[in-house]
Amino acid sequence: MTLTVNGEHHMLDIDSRTTILDALRNHIGLTGTKKGCDHGQCGACTVLINGRRINSCLTLAAMHDTDAITTIEGLGDPDQLSPMQSAFVRHDGFQCGYCTPGQICSATAMLDEAKQGWPSYVSADLEGAPDLSTDEIAERMSGNLCRCSAYPNIVDAIAEVAGGAK
Ligand code: FES
Ligand code: FES
């Protein structure tokens, strides 16, 4: 099968039970995406598939051979960070950094979801683009856990980018 990751095509001869996470890390060599729980509970493995965030540990590679997969390596690099990556650095939004690739992928897609007017559990108004308050950001990012509890700074980083994106 072929996986398209960060715009590059990768021909893979893999077991049909291989997850996207294992394909990325073990077969393609992109280790930015992290394996935390491997059970869909921590969000460390979050990548974007056709622009939407998804837990790659719960997703079979065989289901996505025509899809565009974006990992943290595809959002930016050390010489040219994405706006969300820069904001995480500026706001000290990480400590050990293990959850950070998943946090940044998730936050990047979350802003698009909000711009498209998708409500969350805490949205008071179900119509139109929500105001990304601290509560909204926390709720929308609740699938991404941080063992170091860098949450206040993560929220600050996302709020800064959201302010520019609204
Ligand atoms: S490793 Fe996928 S959600 Fe934890
Ligand atoms: S920065 Fe360590 S797990 Fe989040």
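See above for the structure.
Source: prediction; values computed, not measured.

Parameters and conventions
- Residues numbered from 1 in each chain as written.
- Chains lettered and ligands numbered in written order.
- Predicted model: local features only at pLDDT ≥ 70, side-chain atom pairs only at ≥ 80, totals over all residues.
- Heavy atoms only, no water.
- Helix = DSSP H or I, 4+ residues; strand = E, 2+ residues; numbered from the N terminus.
- Rg over C-alpha atoms; globule rule 2.2 N^0.38 Å.
- Buried < 20%, exposed > 50% of the residue type's maximum accessible area, 1.4 Å probe, protein only.
- Contact = heavy atoms within 4.5 Å.
- Areas by Shrake-Rupley, 256 points an atom, 1.4 Å probe, with all protein chains shown as cover.
- Phe/Tyr/Trp six-rings, centres within 6.5 Å; stacked < 30°, edge-to-face > 60°.
- Lys NZ or Arg CZ within 6 Å of the ring centre and 35° of its normal.

1. Describing the overall build of the protein
Stage number 1. Counting its regular elements, the protein contains 6 helices and 5 strands.
Stage number 2. What you see for the protein is a C-alpha radius of gyration of 16 Å, in line with the 15 Å of a compact globule of 166 residues.
Stage number 3. Taken over the C-alpha atoms alone, the protein extends approximately 45 × 35 × 30 Å along its principal axes.
Stage number 4. Out of the 166 residues belonging to the protein, those deemed buried represent 44%.
Stage number 5. Relative to all contacts within the protein whose residues are 6 or more apart in sequence, the contacts with residues 24 or more apart total 55%.
Stage number 6. When the accessible surface of the protein is split by element, carbon and sulfur atoms take 50% of a total near 8,700 Å².

2. Overview of the packing of aromatic side chains
Stage number 1. According to the stated counting rule, one finds 0 aromatic pairs in the structure shown.
Stage number 2. Seen from the ring of Tyr98, Arg147 lies directly overhead, with NZ or CZ sitting 4.8 Å from the centre.

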